[in-house]
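Observations on the model geometry
Spelled out, the chains give:
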Amino acid sequence: IDEEVMKIIEASMASEEPDYFRAAGYYFENDKDLKQALTWATKAVEANPSAYYMMLLKAKIEYKLGDKAAGKASAEKTIELAETAKNADYVALGKKLIIENK
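Residues numbered from 1 in each chain as written. Predicted model: local features only at pLDDT ≥ 70, side-chain atom pairs only at ≥ 80, totals over all residues. Heavy atoms only, no water.

Things to note about the pattern of salt bridges
For side chains of opposite charge, pairing can occur when their charged atoms come near one another. Under the definition given, this model contains eight salt bridges. With its nearest N and O atoms 3.2 Å apart, the salt bridge here joins K32 to D2. One end of the pair, K32, is in the loop between α2 (20-29) and α3 (34-47); the other, D2, is in helix α1 (residues 2-14), with 30 residues separating them in the sequence. By relative accessible area, which is 25% here, K32 ends up partly exposed. For D2, a relative accessible area of 32% puts it in the partly exposed group. D31 is paired through a salt bridge with K64; the nearest N and O atoms lie 2.4 Å apart. Separated by 33 residues along the polypeptide, D31 in the loop between α2 and α3 and K64 in helix α4 (residues 52-64) bring together distant segments of the chain. Its relative accessible area of 39% is what places K64 among the partly exposed residues. (Salt bridge = Lys/Arg side-chain N within 4 Å of Asp/Glu carboxyl O. Helix = DSSP H or I, 4+ residues; strand = E, 2+ residues; numbered from the N terminus. Buried < 20%, exposed > 50% of the residue type's maximum accessible area, 1.4 Å probe, protein only.)

Spelled out as structure tokens, the structure:
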């Protein structure tokens, strides 16, 4: 399955509208190249600046890379965006992520 997914990601990245968020999520969840995952997560957030769920993924990747300052900043932004969108679940997820990575 991994080989097929990697082919899909490769094709997506070569397309005019790459799915950066899903590619970053797959890399994060499967312990692949986290620096590449962060690059894609950053591009996803840049294209969708109010997407709190994308910002949360970026925060998780930053924390997993050991960049606590960046992870915390992204988690705080997740909370801010989720509060604006009135999504209590993502507010809680952002707060939990910060606590888990102190």
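Overview of the packing of aromatic side chains
The description of an aromatic ring pair rests on the distance of the ring centres and on the angle between the ring planes. Applying the stated criterion to the full structure yields four aromatic pairs. Relative to Y53, the ring of Y52 lies with its centre 5.9 Å away and its plane at 90°, an arrangement referred to as edge-to-face. The rings of F21, Y52, Y53 and Y90 are connected pair by pair, giving a single aromatic cluster. Cation over ring: K64 sits above F28, and NZ or CZ is 4.7 Å from the ring centre. (Phe/Tyr/Trp six-rings, centres within 6.5 Å; stacked < 30°, edge-to-face > 60°. Lys NZ or Arg CZ within 6 Å of the ring centre and 35° of its normal.)

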